[in-house]
Amino acid sequence: MPPFAKTPAEKLTEPYPRRWWALLVLCLSLLIVVMANTSLVVAAPALTKDLGLSSSDLQWVIDGYTVPYAALMLLLGAIGDKYSRRGALILGLLIFAGGSVLGGLVHQTDLVITARAIMGVGAAVVMPSTLSLLVAIFPRAERAKAITAWSATSGLAIAAGPLAAGWLLQHHAWGSTFLMNVPVAVLGVVGAALLVPASKAERMGAIDYVGGLLSIVSVGSLVYATIEGPHFGWGPGPIGAAIAAGAGLLAFVAWELHHANPLLDVRKFKERPFSGSMLAVLFFFFGTFGSIYYSTQFLQFVLGYDALETGVRLLPLAGAVFVGAAVTAKLAPRLGVKLTVGTGMIVGTAGVFLLTRVEAGSTYPDFLAPLLLLGFAIGLSLAPATDTIMGSFPESELGVAGGANDTALELGCSLGIAILGSLLATSYKDKLTALVGGQLPPAAMDTARDSVGGGVAVAEHAAQMPEGGTQQAQALLQAVHESFAHAIAHTSLIGGVIMAAGALIVIAVLPGRRSASQPPRDLQVTTPEDETVGAA
């Protein structure tokens, strides 16, 4: 066996012997890309304190990664298809590592945002290449199992990010949460060279760069508008972005419908398995990331857990993902996509609704059941949904397929944090104003209303006052806790309703049950290239 994977996947005449080791490399690459989002949940307070970040600055640190990550995946997936999927994976990991090094060494806000943007570009190259390589390497009989492992890794990263960042923050500055990506990325590069075979589409036409540009404008503007508008008001920037997103989307659809070799054949959205699965991925990560966003704040600012303790308490979610993945590997082939994904949607919705019971006196066990249900729902349903999306495309468009799946995933994350985060902030602000309005100086009141962290900081400052400070601080802290608990319950109610509506839509769109021997029609269609891949 040669030390390097020299033979392209398309040229293999039998299953690639190192395919499961290659899958480990792909999952490791996926892990750090998703962790870069979730680790910021516990690193944000240290970043904010050290750099003196305003709410707008912190939001840009988040957006700097999210916007290019979501906007570039379709086009970069197609480029990887045409030239080299393994090359794209290696290049993406190197770009990601470069951004991580920059983020770990600088101490200026604008440079941290720049570093996050570089990491976002790298992530946009890595994400679709992991899925396209997976499908290219694994024969059809093993593909669902491999995608289940890939999906479980996404769930693991949700909990692993806060845990790893929390452990590092116990001993090091926030820059370590950037630098922890570097050795993993280097390991991924070496593993890709040694274990992942080269792969590219053999009969792919010219890349639709105009469609790619339109997709960047529409998706990037949509993500920017949904994050900035709800948090900071619908000023000229977010409104302009929303208009650009709408115009870009219309132009993209019109262009793709009339292009001989479109970047993404938008007619696929007429296919119920594809469109239903895309909606399922979007709604799953909408509910999960939105809920984790405010649950971790409660654990830190209300219950007083530090970063590491918060990360540890998210581990049950990762465990539930693996349980759900094990169940779906057994049930999905028998029950079909509709029943499996629909059940997961219902379970995830129940998890969000359970958070409506949160109150000021709630403790960690009140969050445990929602986390378990959300994790189980992801493990149960993400793999069959992703498998269906990937199976809807021919071999020449695997990178685009991965980009479509990952765009839905990242858009769901962004919408969940933006929409539910905005509802949370508004509800918290209104409740706190009702409880303590007029009892604090205007500047202190503005700080307390800005966020639960600001409220806790004002209470801590009040405790240091010489006369009556302790009593006033305790009263304010109780009001902050009560207001934030009320905000979580109110936001979870609205989020649960959105998730329930999404579940009904997904169940209605997905086609009926199909037996294991009768897979969906689009999964049966093969091309000459696909038959070669299947043999590999």
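Computed from a predicted model, the values in this text were never measured in an experiment. (Residues numbered from 1 in each chain as written. Predicted model: local features only at pLDDT ≥ 70, side-chain atom pairs only at ≥ 80, totals over all residues. Heavy atoms only, no water.)

Asks: What am I meant to see in the overall build of the protein here?
Replies: Check the secondary structure of the protein and you find 21 helices and zero strands. Computed over the C-alpha atoms, the radius of gyration of the protein is 23 Å, within 12% of the 24 Å expected from 2.2 N^0.38 for a compact globule of 536 residues. Counting only C-alpha atoms and orienting by the principal axes, one finds that the protein spans roughly 80 × 50 × 45 Å. Counting every position in the protein, which comprises 536 residues, the buried fraction comes to 56%. Split by element, the accessible area of the protein, about 20,500 Å² in all, is 67% carbon and sulfur. Computing the positive centroid from 29 side-chain charges and the negative centroid from 33, the protein places the two 11 Å apart. (Helix = DSSP H or I, 4+ residues; strand = E, 2+ residues; numbered from the N terminus. Rg over C-alpha atoms; globule rule 2.2 N^0.38 Å. Buried < 20%, exposed > 50% of the residue type's maximum accessible area, 1.4 Å probe, protein only. Areas by Shrake-Rupley, 256 points an atom, 1.4 Å probe, with all protein chains shown as cover. Lys, Arg positive; Asp, Glu negative; His and termini not counted. Charge placed at Lys NZ, Arg CZ, Asp CG, Glu CD.)

Asks: What's the story with the confidence of the model for the protein in this structure? I'm lost.
Replies: Close inspection of predicted coordinates is inappropriate for parts of the model with low pLDDT. For the protein, mean pLDDT is 86; residues scoring 70 or higher make up 93% of the total. Here helix α20 (residues 521–524) is the element of the protein with the lowest mean pLDDT, 38, and helix α4 (residues 85–105) is the one with the highest, 96. Across residues 515–536, where pLDDT falls below 50, the model places 49 contacts with residues more than four positions away in sequence or in other chains. (pLDDT = per-residue confidence, 0-100. Contact = heavy atoms within 4.5 Å.)

Asks: Please explain the nonpolar core as it appears in this structure.
Replies: Generally speaking, a soluble globular protein has its nonpolar side chains buried in company with each other. Within the largest apolar cluster, 152 residues are counted, with the highest numbers of intra-cluster contacts made by L134, F285 and F484. Here this core takes 16 residues from helix α16 (residues 398–436), the largest share from any one element. In contact with L134, other than residues within four places in its own chain, are L23, L26, R143, A146, I147 and W150. (Core = buried A, V, L, I, M, F, W, Y, C linked by side-chain atoms within 4.5 Å.)

Asks: How should the packing of helix α2 (residues 40–51) against helix α11 (residues 272–302) be read in this particular structure?
Replies: Any two packed helices are characterised by how steeply their axes cross, that is the angle between the axes, and by the distance between the axes. Axis separation between α2 and α11 bottoms out at 10 Å; the angle between their running directions is 45 degrees. When the axis of α2 is compared with that of α11, the two are oblique. Regarding α2 and α11, the two cross each other, and that crossing is right-handed. Across from V41, V42 and P45 in α2, the residues of α11 making contact are T296, Q300 and F301. Residues that form the contact of α2 with α11 fall into these classes: four nonpolar, two polar and no charged. (Axes fitted to C-alpha atoms, helices over the stretch in contact; angles between N-to-C directions. Parallel < 35°, antiparallel > 145°, perpendicular 65-115°, else oblique. Left-handed = near helix turned anticlockwise from the far one by under 90°. Nonpolar A, V, L, I, M, F, W, Y, C, P; charged D, E, K, R; others polar.)

Asks: Would you take a moment to explain the environment of R203 for this structure?
Replies: Within the element layout of this structure, R203 appears in the loop between α8 (181–195) and α9 (209–232). Sequence separation between R203 and T349 is 146 residues; the distance between their C-alpha atoms is 43 Å.

Asks: Explain the packing of aromatic side chains here, please?
Replies: When we look at a pair of aromatic rings, we describe it by the centre distance and by the angle of the planes. By the definition in use, this model includes 10 aromatic pairs. Arranged with centres 5.6 Å apart and planes meeting at 45 degrees, the rings of W60 and Y224 form a pair that is tilted. Linking W60 in helix α3 (residues 55–83) with Y224 in helix α9, this pair joins segments that are 164 residues apart in sequence. Chaining the aromatic ring pairs together yields one cluster made of F298, F367, Y428 and F484. Above the ring of Y305, the side-chain terminus of R313 is found at 3.9 Å from the ring centroid. The ring of Y364 carries the charged tip of R313 above its face, separated from the ring centre by 5.8 Å. (Phe/Tyr/Trp six-rings, centres within 6.5 Å; stacked < 30°, edge-to-face > 60°. Lys NZ or Arg CZ within 6 Å of the ring centre and 35° of its normal.)

Asks: Which parts of the structure should I look at to understand the pattern of salt bridges?
Replies: Side chains that differ in sign of charge can pair as their charged atoms come close. On inspection of all chains with the given rule, the structure shows three salt bridges. The salt bridge involving E142 is made with R19; its shortest N-O contact spans 2.6 Å. Taken together, the residues E142 in helix α6 (residues 140–171) and R19 in helix α1 (residues 19–38) connect sequence positions 123 residues apart. (Salt bridge = Lys/Arg side-chain N within 4 Å of Asp/Glu carboxyl O.)

Asks: So what exactly am I meant to see when it comes to the side chain of D81 here?
Replies: Mapped onto the elements, D81 comes out in helix α3. Here the side chain of D81 touches V400 through a polar contact of 3.3 Å, landing on its backbone nitrogen. Those residues within four positions of D81 in sequence are excluded, and the remaining contacts are S132, K200, A201, M204, S396, E397, L398, G399 and V400. (Polar contact = N/O pair within 3.5 Å; in protein donor to acceptor, adjacent residues only side chain to side chain.)

Asks: How should I be thinking about the environment of A489 in this particular structure?
Replies: Mapped onto the fold, A489 is located in helix α19 (residues 469–509). Each C-alpha atom, one on A489 and one on S427, is 9.7 Å from the other, the two residues being 62 residues apart in sequence. The residues touching A489, leaving out its near neighbours within four places in the chain, are L355, T356 and V358.

Asks: What is the right way to look at the side chain of S176 in this model?
Replies: Here S176 is to be found in helix α7 (residues 176–179). Exposure remark for S176: the relative accessible area of 13% places this residue in the buried category. At 2.7 Å, the side chain of S176 and the backbone oxygen of A173 are in polar contact.

Asks: What am I meant to see in a nonpolar patch on the surface here?
Replies: A cluster of nonpolar residues, V101, L105 and L179, forms a patch on the protein surface that exposes about 240 Å² of accessible area. Locating L179 in the fold gives a position in helix α7. (Patch = residues over 30% accessible without salt bridge, like charges linked within 9 Å, V, L, I, M, F, W, Y side chains within 5 Å.)

Asks: In this structure, what is going on with α11? I would like to understand it.
Replies: Helical periodicity: at 3.6 residues per turn, an α-helix aligns residues three or four positions apart in one direction. The terminal C-alpha atoms of α11 lie 44 Å apart, and with 31 residues this matches the ideal 45 Å at 1.5 Å per residue to within 8%. Counting buried residues along α11, 27 of its 31 residues qualify, which places the element largely inside the surrounding structure. Just beyond α11, the residue with positive phi is G304, at close to 80 degrees. (Expected span 1.5 Å × (residues − 1).)

Asks: Would you take a moment to explain the environment of S218 for this structure?
Replies: Tracing the backbone shows S218 in helix α9. Setting aside residues up to four positions removed in sequence, S218 forms contacts with A245, G248 and L249.

Asks: What am I meant to see in the state of the cysteines here?
Replies: Linking two cysteines covalently via their sulfur atoms produces the bond known as a disulfide. A complete count under the given rule lists zero disulfides for this structure. Here C27 stays free of any disulfide, with the sulfur of C413 as its closest cysteine sulfur at 17 Å. (Disulfide = S-S within 2.5 Å.)

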